[in-house]
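This is what each chain is made of:
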Amino acid sequence: MSTLNETHDPALQSWVTSAHVNGTDFPIQNLPFAAFRRQGSDEAFRGGVAIGDQVIDLAALATQDLFSGLAQAACEAGAQGKLNALMALGPTAWSALRLALSRALRIGATQQAALTTCLVPQTEIQYTVPAHIGDYTDFYTSVHHATNIGKLFRPDNPLLPNYKWVPIGYHGRASSIRVSGQAFKRPNGQTMAPGATVPMLGPCKRLDIELELGIFIGTGNTLGDAIAMTDAEAHVFGVCLLNDWSARDIQAWEYQPLGPFLSKSFATTISPWVVTLEALAPYRAGFTRPHGDPQPLPYLDSAANREQGAFDLELEVLLQTNKMRAAGLPAQKLVQTNYRHAYWTIAQMVAHHTVNGCNLQPGDLFGSGTLSGPTLDQAGALIEMTQGGKLPVTLANGETRTFLEDGDTIIIKGRCEKSGFAKIGFGECVGTLLPAS
Ligand code: CA
């Protein structure tokens, strides 16, 4: 588990002046990673680190030989087109690079002139998915989401008895994960209309969002070896925002007995920036179970997890419709919630995923599952917010929504703040629904 160190000092200021503009997501205390190149260029993608409104080009920095030892090795690994090699190096190397960057970016740093030549404005770049994602596993760690959804799909039996013992998950589709800015067609699929006796193939009518976090695995484990709770977070590179678009009508028909299939595999959108667990160290929270709920089995329990296994991370979802865009109206907030409401922690996801010996690999992605809070105004999916499409949401311009309409853009944002520490953000995860073909 990452501990506080000099890189978290809220008094640090960077010579990149935009890094201490009020409201920035990327002060010197954050330093998240992405893969990028200049917009409209045929340059190779390479790793970058956000500082204010700039990106530090790790490929350019690596050639300067500015750092030494593990920090230089991590910088060179991060210079590649995907971050898998950097992710594979492990927390000591990630931390060495973070410390070297933090020191080089501070006011008065001797490396300022050299580092200045490695900056690219964020307005001039395009991102790509930051890692080659070999496997994508989607968990289900919000008990509030599981209960709300369970009520709609199984009114007599909303929360299945395994939920409070097993971190539920399924193996998702990695090939359709794209970076923020993704536009995708409304999927076609097989559905069974209420009262019908024969299913039909056609465009999804109940296209939904799922507000989630993405968790990138760093160092993997050998096939056959489990990762213990006490070691679990050392295998996690960082966290991004994730929208796990879901076709509810297709899901309702196909999901039994093996779980979702085509209702999830057509598109998943992630934010470009991956915030490291080290950057998140100030915003940790205790992991607790509601009174009367079972405590986790020993392989899902550790003292560190109880003390600070959770994260105090504010999340919000915004919607901009075609009409709002045409009228010049900004996106409207639909939901605000917090990751600390999750029932299972990141460390528990890692320990559970590997307890059978399953091998994780650098760049593997976990979805947290929809992160709904305890009340419906904190619901991370439209199906919950509208109670299965029965209670439409009315927008400020008079439009209503149960599920998404063609042209709708969904924006997810995330932010951590705590008294005595810097505010850090996750950037944005943006996706737009196009008409079916
Ligand atoms: Ca999901």
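Below, the structure is looked at part by part. Quantities reported herein were computed from a predicted structural model and do not represent experimental measurements.

Remarks on the overall build of the protein chain
Counting secondary structure elements, the protein chain contains 12 helices and 26 strands. Over its C-alpha trace the protein chain gives a radius of gyration of 22 Å, about what one expects of a compact globule, namely 22 Å for 437 residues. Its C-alpha atoms give the protein chain principal-axis dimensions of roughly 70 × 55 × 40 Å. The 437 residues of the protein chain split such that 56% are buried. Taking all contacts inside the protein chain whose residues are at least 6 apart in sequence as the whole, residues at least 24 apart take part in 74%. Surface summary for the protein chain: the accessible area is close to 17500 Å², and the carbon and sulfur share equals 55%. Averaging the positions of the 31 positive and the 38 negative side-chain charges in the protein chain gives two centres separated by 5 Å.

Here's the deal with the environment of Val-393
Assignment of secondary structure puts Val-393 in strand 23 (residues 393-394). Here Val-393 falls in the buried class, since its relative accessible area comes to 19%. Separated by 11 residues in the primary sequence, Val-393 and Leu-382 place their C-alpha atoms 8.9 Å from one another. The residues touching Val-393, leaving out its near neighbours within four places in the chain, are Leu-334, Met-385, Thr-386, Glu-399, Thr-400 and Arg-401.

With respect to helix 2 (residues 69-78)
Listing the buried residues of helix 2 in full gives Ala-71, Gln-72, Ala-74, Cys-75, Ala-77 and Gly-78. Turning to helix 2, the residues buried within the fold contact strand 2 (46-51), helix 1 (58-64), helix 3 (84-89) and helix 4 (91-105).

Quick notes on the pattern of salt bridges
On inspection of all chains with the given rule, the structure shows 22 salt bridges. Note that Lys-264 is salt-bridged to Asp-244, the shortest N-O span being 4.0 Å. One end of the pair, Lys-264, is in the loop between helix 8 (248-254) and strand 16 (268-270); the other, Asp-244, is in the loop between strand 14 (236-243) and strand 15 (246-247), and 20 residues separate them in sequence. Under the relative-accessibility criterion, Lys-264 is labelled buried at 7%.

Rules and cut-offs
For every chain, the first residue of the written sequence is number 1, and numbering continues from 1 onward in sequence order. Local features are withheld for residues below a pLDDT of 70 in this predicted model, meaning they are given only at 70 or higher, and side-chain atom pairs are given and counted only at 80 or more; totals for whole chains, interfaces and linings count all residues. Side-chain metrics in this entry use all non-hydrogen atoms of the structure; hydrogen atoms and water are not considered. Going along the chain from the N terminus, every DSSP run of H or I of four or more residues is numbered as a helix, and every run of E of two or more is numbered as a strand. Every radius of gyration here is taken over C-alpha atoms, with the globule rule written as 2.2 Å times N^0.38, N being the number of residues. Each residue gets one of three labels from its accessible area relative to the maximum for its type: buried under 20%, exposed over 50%, partly exposed in between, using a 1.4 Å probe on protein chains only. In what follows, a contact means two residues having at least one pair of non-hydrogen atoms within 4.5 Å. All accessibility values rest on the Shrake-Rupley procedure with a 1.4 Å probe; residue burial counts only the protein chains present in the view. Positive charge is attributed to Lys and Arg, negative charge to Asp and Glu, and no charge count is given to His or to the chain ends. The atoms used to mark charge sites are NZ of Lys, CZ of Arg, CG of Asp and CD of Glu. By definition here, a salt bridge exists when the distance from a side-chain nitrogen of Lys or Arg to a carboxyl oxygen of Asp or Glu is within 4 Å.

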